[in-house]
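# Results of the structural survey
Here are the chains, one letter per residue:
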Amino acid sequence: MRKYSLFIFLFLSLHFSAQVLSEDQKLESLCRVWGFLKYYHPDVAKGNLNWDQQLFKKINELERINDKATLNHLYSNWIESLGKINECTECLREKDTTYFLKNFDLSWIDNSKIFTNVTSQKLRYIENNRNIGNHHYVGKGGRKIYFRNENSYGSGFSSKQVSLLELFRYWNYVEYFFPYKYQTDQNWNDVLTEMIPKFLHIDNDQDYQLALAELVTKTDDSHAFLFSPLISLYQYGNRKLPVEYSYAEGKLVITKINDNRFHEKIPFTIGDVIYDVNGKTIPQMINSLGKYIPASNSWGKVNKIKSKLLFSSNDSLSVKLERNGQNMEVIAKTYFIKDIIIKKAPASQTWKFLDEKKKIGYVNMGILAKDDVNEMYKAMRFTESIIFDLRNYPKLTIIPLSELLLPQSTTYYQFTFPETSYPGKFYSRKNNIGRKNPDYYKGNVIVLVDENTQSQAETTTMMFKQHPKSKIIGSNTSGANGDIIKFKIADLDTCFTGLGAYYPDGRETQRIGIIPDILIKPTVEGIKNGKDEVLERALLYIKNKN
């Protein structure tokens, strides 16, 4: 009998303890429910309630709740207070649309550890009778969406409630409208679990913005950023060495030395190879700064950070470098940007010939404008090869170039677009480029790419790949493709990729980049000697092919 009583006691104890919820569990559930109702509930989605104030109220009410039953009582009453939801006949209609569902996940609704059957059923009813049509918080312009009607509470820390609001707001933006949520290194659900305690312990402006930057970084998207002068000052400082450099093999090679308004001598020479700054190697610096720099991959992170590596808050930097085969340490003075004199570089040519016989053309895609395309092609149509340099950002020339270079219309990409009437789902559409053109360009189409080849540049590369004699040369592209959504979080400018972009067969380019046919990267020696090794490899390919 005693054993039986002990069993009952243990069972009841375990059952009771299972109903007790931590503060983080309560806030996680609130973030999900608040975001779901915001985008799904017809009255909320029409903007009929002050949804931010509803969240503030619920955050305060959660402080008096400790168990599952009371939490669900709160949610059930909240849902009931929002008004009656009519049945949505349109929601039941089968659509011909092929949905991309890798981001779609409402399984949390059925989590019995948090929600009762009654609450889950109410949430599922809202899903099945969701808002259709115009949305107060999400607009649609062309093929892109945008966020609207969001209140601003400033960029400084003001309260726990506002901090959580900004976390919940951003987390739900990604949850329902970021096409590559499924590709993040850290599961997006785990991001919420990790970030709630951090936001709860914020008590100053700097920690607030750093937490936001860390949150944005977890999208693993090179399109993403958080524009914060406060973070820039904290991370990098507002002084720098007055030199310009290129990055290769984990080192910095000085390519130019700028003057300063004090006419002070700079202790560097062109060709110096910097491998250590203030006791940290260049890779170590990149790793330490990377926590707050969103990027699709490691080379994207390097590309976004490298221009800031010789900044400092101090008036000098200790730099270890290699010069003429000798290692040395230099203590170099840093300058405010206003005190550095930068001579304007001579303008680059939009296009040119690389040989006397005019058989090889070169086009700088970062300069070529739509209005220049026909003139460029008129000059180069009889060349044996054209090298298109896409280690930059093109100027919307993809369509006119495709109509001149490609033999026929072809599917070169497919995109996924956010479905505003069923948030979290995306629909797919394949894109064709070019036209039937028997007079297309018959020579070699060589495309130079690297980590600077991002977004529109990657899409343009995919167009060039449809040419029957194309060759992509260089290193993996950025891996951030698709139009961006710009918005504000905590009154700070930010964005992330808004459309998913894929090969016609569904393979991804996001985070991977476009893999070149011939892989080559700049080397330290090449940069020291003033070589463009990627362009040289393209010329070698043309020579061997001919």
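Check the entry above for the structure.
In this report, the structure presented in the accompanying data block is examined. This one's a predicted model, so the numbers in the text were calculated from it and none came from an experiment.

## Quick notes on helix 4 (residues 51-62)
With 12 residues, helix 4 should reach 16 Å at 1.5 Å per residue; the first-to-last C-alpha distance of 17 Å fits that figure. Burial analysis of helix 4 places 9 of its 12 residues in the buried class, which makes it a mostly covered element. Along helix 4, the residues classified as buried are Trp51, Asp52, Gln54, Leu55, Phe56, Lys58, Ile59, Glu61 and Leu62. For helix 4, the elements touching its buried residues are helix 2 (23-40), helix 3 (42-45), helix 5 (68-81) and helix 8 (160-177).

## Observations concerning the layout of surface pockets
If you roll a probe as big as a water molecule over the atoms, it shows you where there is empty space left. By volume, the largest pocket amounts to about 1200 Å³. Lining the largest pocket we find 32 residues, and of these Ser246, Lys306, Asp450, Asn452 and Pro522 sit closest to its centre. Of all elements in the fold, only strand 6 (243-248), helix 13 (298-305), strand 17 (360-364) and helix 18 (533-545) reach the threshold of two or more residues within the lining of the largest pocket. With 6 residues, the top contributor of residues to the lining of the largest pocket is strand 6. When its residues are assigned to classes, the lining of the largest pocket shows 10 nonpolar, 10 polar and 12 charged.

## What about the packing of aromatic side chains?
All chains considered together, the criterion is met by 36 aromatic pairs. Here tyrosine 412 and tyrosine 413 contribute two aromatic rings whose centre-to-centre distance is 5.8 Å and whose plane-to-plane angle is 85 degrees, an arrangement assigned as edge-to-face. You'll find tyrosine 412 and tyrosine 413 in the same group, each marked buried. Sitting over the ring of tyrosine 422, arginine 130 keeps its end group 3.5 Å from the ring centre. The aromatic ring of phenylalanine 417 is capped on one face by arginine 429, whose charged end is 4.9 Å from the ring centroid.

## Some details on the side chain of threonine 410
Looking at where threonine 410 falls in the secondary structure, it is placed in strand 19 (residues 410-418). In this structure threonine 410 comes out as buried when scored by relative accessible area, which is 18%.

## A look at the sheet that holds strand 23 (residues 484-489)
Ordered in space as 4-24-23, the 3 strands form an open sheet in which the pairing is antiparallel. The open sheet has two edge strands, strand 4 (225-226) and strand 23, and neither has a second partner. Here strand 23 runs beside strand 24 (residues 492-497); their pairing, made up of 6 bridges, is antiparallel. Residue pairing in the sheet places lysine 488 in a bridge with aspartate 493 of strand 24. Sitting on the sheet, helix 8 is in contact with strand 23 and strand 24, with an inclination near 165 degrees to strand 23.

## Comments concerning the packing of helix 8 against helix 10 (residues 205-217)
For any two helices packed against each other, one specifies the crossing angle of their axes together with the interaxial distance. Running from N to C, helix 8 and helix 10 point in directions that differ by 15 degrees, and their axes come no closer than 11 Å. Overall, the two elements helix 8 and helix 10 adopt an arrangement that is roughly parallel. Like other packed secondary-structure pairs, helix 8 and helix 10 cross with a definite hand, here right-handed. Contacts from Val162, Ser163, Glu166, Leu167 and Tyr170 in helix 8 reach Tyr208, Leu212, Leu215 and Val216 in helix 10. A class-by-class count of the residues in the contact of helix 8 with helix 10 yields 7 nonpolar, 1 polar and 1 charged.

## Considering helix 9 (residues 188-200)
An α-helix turns once every 3.6 residues. As a result, residues three or four positions apart point the same way. Taking 1.5 Å of rise per residue, the 13 residues of helix 9 would be expected to cover 18 Å, and the 19 Å separating its terminal C-alpha atoms lies within 8% of that figure. All of the buried residues in helix 9 are Trp188, Val191, Leu192, Met195, Ile196, Phe199 and Leu200. Against the buried residues of helix 9 lie helix 2, helix 8 and helix 10. For helix 9, the side-chain oxygen to backbone nitrogen distance between the N-cap and asparagine 189 is 2.8 Å, and the N-cap itself is asparagine 187.

## A closer look at the pairing of strand 13 (residues 326-333)
Here 8 bridges tie strand 12 (residues 316-323) to strand 13, and the two strands are oriented antiparallel to one another. In the sheet register, valine 319 faces strand 13, and the bridge partner there is valine 330. Hairpin geometry of strand 12 and strand 13 is characterised by an intervening segment of 2 residues between the two adjacent antiparallel strands and by a positive phi of about 55 degrees at asparagine 324.

## Let's talk about empty space enclosed by the protein
Per the stated rule, a full pass over the model turns up 1 cavity of 30 Å³ or more. What lines the largest cavity is Glu23, Lys26, Leu27, Ile59, Leu62, Glu63 and Lys160. When contributions to the lining of the largest cavity are tallied by element, the ones reaching two or more residues are helix 2 and helix 4. For the lining of the largest cavity, the class distribution of residues is 3 nonpolar, no polar and 4 charged.

The rules behind the values
Position labels on residues start from 1 in each chain and follow its written sequence. For a predicted model such as this one, the threshold for reporting local features is a pLDDT of at least 70, and the threshold for listing and counting side-chain atom pairs is 80 or more; totals across whole chains, interfaces and linings nevertheless cover every residue. Think of the side-chain values as coming from all heavy atoms in the structure, minus any hydrogens and water. Note on conventions: DSSP H or I runs of at least 4 residues are helices, E runs of at least 2 residues are strands, and numbering of each starts at the N terminus. By this rule the span expected of a helix is its residue count minus one, scaled by 1.5 Å. Burial classification: accessible surface area is computed with a 1.4 Å probe over protein chains only, and a residue below 20% of its type maximum counts as buried, one above 50% as exposed, and the rest as partly exposed. Note on contacts: a residue pair is in contact if any heavy atoms of the two residues lie within 4.5 Å. Both site types are read off a 1 Å grid over the protein atoms alone. A 1.4 Å probe that fits but cannot get out defines a cavity, while an open set with protein on both sides within 12 Å along at least five of seven lines defines a pocket; lining residues have an atom within 4 Å of a point. Grid points are joined across faces, edges and corners, and a volume is the space filled by probe spheres set on the points. Three residue categories are used. Nonpolar comprises Ala, Val, Leu, Ile, Met, Phe, Trp, Tyr, Cys and Pro, charged comprises Asp, Glu, Lys and Arg, and polar comprises the others, including Gly. Geometry of aromatic contacts follows a simple scheme: Phe, Tyr and Trp rings, the Trp one being its six-membered ring, pair when their centres are within 6.5 Å, and the pair is stacked under 30 degrees between planes, edge-to-face over 60, tilted otherwise. Both a distance and an angle decide whether a charge sits over a ring: NZ of Lys or CZ of Arg must be within 6 Å of the ring centre and within 35 degrees of the ring normal. Paired strands, as defined in this entry, are two strands with at least two bridges between them according to DSSP. Think of each axis as a best-fit line through the C-alpha atoms, taken over the contacting stretch in the case of a helix, with angles from 0 to 180 degrees between the N-to-C directions. Throughout, the term roughly parallel applies to angles under 35 degrees, roughly antiparallel to angles over 145, roughly perpendicular to angles from 65 to 115, and oblique to all others. Each helix crossing is assigned a hand: it is left-handed if the near helix lies turned anticlockwise from the far helix by less than a right angle, otherwise right-handed if that turn is clockwise. We define a polar contact as two N or O atoms separated by no more than 3.5 Å, with the added condition that, inside protein, one atom must be a possible hydrogen donor and the other a possible acceptor, whereas residues neighbouring each other in sequence contribute only through side-chain atom pairs.

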